[in-house]
Amino acid sequence: MNDVGKDDRERNRVIAKNEAERQTIGDIRVSGWAIAFAIIIGVIALLIVWAWLNR
């Protein structure tokens, strides 16, 4: 009985570790998209300001 509980705890630790790694990868992917989106919006804003000042 005690060995079964130990095996379950070890299995749960492995599952939690794998889930944490997947969450980290997902967070990095979302952050990458957010940075790309911010850069695109910044470039568009810069072009609008530049066009406004050079009319």
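Preceding block: the structure.
The following paragraphs examine the structure supplied in this document. (Residues numbered from 1 in each chain as written. Predicted model: local features only at pLDDT ≥ 70, side-chain atom pairs only at ≥ 80, totals over all residues. Heavy atoms only, no water.)

Turning next to the packing of aromatic side chains. Per the counting criterion, the structure on display carries zero aromatic pairs. The residue whose ring lies beneath arginine 55 is tryptophan 52, and the NZ or CZ to ring-centre distance is 4.0 Å. (Phe/Tyr/Trp six-rings, centres within 6.5 Å; stacked < 30°, edge-to-face > 60°. Lys NZ or Arg CZ within 6 Å of the ring centre and 35° of its normal.)

With that settled, the discussion passes to the pattern of salt bridges. Under the defined criterion, the tally for this structure stands at two salt bridges. Arginine 13 is paired through a salt bridge with glutamate 10; the nearest N and O atoms lie 3.6 Å apart. In this pair, arginine 13 and glutamate 10 both sit in helix 1 (residues 2-53), three residues apart, roughly one turn of the helix. Residue glutamate 10 is classed as partly exposed on the basis of its relative accessible area of 44%. Here glutamate 19 makes a salt bridge to arginine 22, at a shortest N to O gap of 3.4 Å. Within this pair, glutamate 19 and its partner arginine 22 are both found in helix 1, separated by three residues, close to a single helical turn. (Salt bridge = Lys/Arg side-chain N within 4 Å of Asp/Glu carboxyl O. Helix = DSSP H or I, 4+ residues; strand = E, 2+ residues; numbered from the N terminus. Buried < 20%, exposed > 50% of the residue type's maximum accessible area, 1.4 Å probe, protein only.)

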